[in-house]
Amino acid sequence: MTGDLLSGVTAPPARVRVQLPLLLPEPYDYRVPGDMSLVPGSYVEVPLGPRRLFGVVWADGDWQGERVEERKLRPVMRAIDLPPMPEITRRFVEWVASYTMSPVGAVLRMAVSVSAALEDPRALTAYTRGEGEVPDDLRLTPARKRILEILSDGPPRLAADVAAEAGCGTGVVRGLAEAGVLTTVPMLALPRFPRPDPDANPKTLSGAQRLAAEDLTAKVSAGGYSATLLDGVTGSGKTEVYFEAVAAALRTGKQALVLLPEIALSAQWLDRFAQRFGVRPAEWHSEMAPPLRRHTWRAVAKGEARVVVGARSALFLPYPDLGLIVVDEEHEAAFKQEDGVIYHARDMAVARAHLGRFPIVLASATPSLETLVNAENGRYSRIDLPSRHGGASMPDVTLIDMRRKEQAPPARQWLSPVLREALSQTMLAGEQGMLFLNRRGYAPLTLCRGCGHRLQCPNCTAWLVEHRLSKRLQCHHCGYQAKSPDACPECEAEGSFVACGPGVERVAEEVATLFPDARIAMMTSDTLSGPRALREVIEQVKDGAVDLLIGTQVMAKGHHFPMLTLVGVVDADLGLAGGDPRASERTFQLLHQVAGRAGREERPGRVMLQTYMPENPVMQALASHDRDSFLAVEADQRRQLEMPPFGRMAALIVSGEDEGAVDAIAAALGRAAPRDREDLTILGPAPAPLAILRGRYRRRLLIKGPKTVSLQPILYDWLTRVEVPASIRVQVDIDPYSFL
DNA sequence: AGCACGCCGACT
DNA sequence: GTCGGCGTGCTC
């Protein structure tokens, strides 16, 4: 810049277009003070009405469109001293906005997700146990107890950190400080983000791993866009392989990003990374304390953080020289963002790699159909990692046909005699068992015996789930909670509630009755308040302090339990109901993952699936270990229906608090739909998968078209034909996850 | 996202 | 007669 000014060739533009992180249709123009030099991408603070906001200089003053009057311009207040947002990041923001049909500002908001990111540094407060006595009158609530425990040793920690680990709000931490039990100290030691060392501690790779790693490192070193599916079952060593790709990126001076579906729960992953590279990577996820987010954001922007591991939002950080993205567990539904800007992080990551001209690796043991089809038609290359032990360690999968009398459990119980017997044998042999049921709480539905009244969430179309451990009713969609009532709210009969169907708590109860001596541990998001609690349970299982583990999806993730030899799936059919073509794929992925927990190392494992539809292709594929022909059949069905990935699909979600108005707009959209085109199918309006969510009524329309047609312009045209009042929201979901 | 402006029910 | 509800629209 200075050079330009001195040479006098380029005068600083008098006006800049600034993109603000708001739902605005376009950037706003501002006047640039004479002594300020800005370039595209510069972060600036600008006035907007009575407020001051951070924004990004989106283009130079050579904008050819309609110009806002000179006298309306207000001056840029200040330029932020940070490297400008890279051009690729800005183009990526625009691309995502246009793909998802969202305002650019809405996407930019994700890229500068920390409003505080651009503010001046401020002192952080950390908390430590200190000298303060615990006063007698202080009620030691469970949350407070946990906090004191966490802070009993070790360095001072941030309130948000402690709260996350203790599973409570930051208020409890501050409250304890006010009561004098905790001491506050200024926090100086924020993470430094030392460079991970690609040569710190390289693992010895097996032959297949080495070949795979060489393939990937060659791609990373050469640069240029490529997409590679890394396909291998649990235990085949995918992580070690893509670590080598990360090492290659580090050696060529590039940044690397690893996207994980649930970063908060992957302490094990971080440990493995630290072991391989000597230091921890920079973490990025939405539960991080704001000061830490800000710190991390800046470290990424300045290029200090070389490897970032994060949830989907990490994709929007302003990397100055990103040279590799790895999407681990690429099939996971958690990559799909369902509110605000609706996007699939895996797909956006591929676009990001394409824009940045570097390789992307998609890793999974059960790849999504989308990715498999891309690999088959040559858009992606593919590396298959065979299991380390040949096929020998594959667990033996048995289907328990629950329709058969002798296999059905007694009334109000959920475990078949066959599974009970297997559990009993396993424990007698000194091995461990696991029961999986993807349903939190005691029972999915509670109703009144007297009048048949069902306990329903006041805000959503969902039953309230009874949680006996916390003695509360919970809505699993909006977070609504209430104390379990003593009497029926309808007929006022007392103690008339009956629980219908099993949840994990109920299965735990059954098991405790069946095996009174067994040491049972629960693993659900309700019992695990944070990463520390998770780690504790994992340690207990590893130490053999647990005989039987009962849990939901959180348990399905890759933990290595050498003594775990039996996995029982209480309701394998759960998730298949509803007829969504995606349901089979999803159920297969989940159950496959759960099955993978059984029998690792030298002990053979067995898996028992309780099902009422043993002939279902999902069950058959699991029993015969034949993933590929199952997916081939799935793919054929989708191809015939022209469903994704063989066709394109988008959803319009109409929502609002007034049911009548929502229906009216949904109907108007239905009438305005492009019905004149042979190649498009319009479905709906129909109640959306959750017809009422957080107090808003929801209707959904679907549009389906051939792969060759781009739906966005059609949707744009469609939406402009219907006038939507501000009280009603119409969201566009390109590539919806569920097809119904 | 804020914040002001503007048009219809219960208060001093 | 006002105070205030939040629907609608604007911010360079």
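About the criteria used
Residues numbered from 1 in each chain as written. Chains lettered and ligands numbered in written order. Predicted model: local features only at pLDDT ≥ 70, side-chain atom pairs only at ≥ 80, totals over all residues. Heavy atoms only, no water. Pairing = 2+ DSSP bridges. Helix = DSSP H or I, 4+ residues; strand = E, 2+ residues; numbered from the N terminus. Core = buried A, V, L, I, M, F, W, Y, C linked by side-chain atoms within 4.5 Å. Buried < 20%, exposed > 50% of the residue type's maximum accessible area, 1.4 Å probe, protein only. Contact = heavy atoms within 4.5 Å. UniProt positions renumbered as here; feature names shortened; annotations may be inferred.

Caption draft 1: Structural context of the sheet that holds strand 2 (residues 28-31). Spatial strand order, 2-1-4-3-5: five strands in an open sheet with antiparallel pairing. At either end of the open sheet lies a strand with only one pairing partner, and these are strand 2 and strand 5 (78-79). Here strand 1 (residues 15-19) pairs with strand 4 (residues 51-59) via three bridges, running antiparallel. Along strand 4, the bridge assignment pairs Gln 19 with Val 56.

Caption draft 2: Structural context of the nonpolar core. In terms of nonpolar packing, the biggest core is built from 123 residues, with Leu 315 and Trp 718 touching the most fellow members. With sequence-adjacent residues up to four places away left out, Trp 718 is seen in contact with Leu 652, Leu 669, Ala 672, Ala 673, Pro 674, Ile 682, Leu 701 and Ile 703. Formed by 30 residues, the second largest nonpolar core is a distinct cluster that contains Ala 213, Phe 277, Val 326 and Ala 363.

Caption draft 3: Structural detail: the UniProt feature "binding site: Zn(2+) 2" (unreviewed entry) in chain A. The feature "binding site: Zn(2+) 2" (unreviewed entry), as annotated in UniProt, sits at Cys 457, Cys 460, Cys 475 and Cys 478 in this numbering. Of the residues just listed, which span 22 residues, no C-alpha pair is farther apart than 8.7 Å, and they cluster in one region. Among the structural elements, Cys 460 can be located in the loop between strand 20 (445-448) and strand 21 (465-467). On the basis of relative accessibility, which here comes to 1%, the residue Cys 460 falls in the buried class. If we skip the residues at most four places from it in the chain, Cys 460 touches Cys 475, His 477, Cys 478, Ile 692, Leu 693 and Arg 694. Looking at the element boundaries, Cys 475 is found in the loop between strand 22 (472-474) and strand 23 (481-483). If we skip the residues at most four places from it in the chain, Cys 475 touches Cys 457, Cys 460, Ala 462, Leu 464 and Tyr 480.

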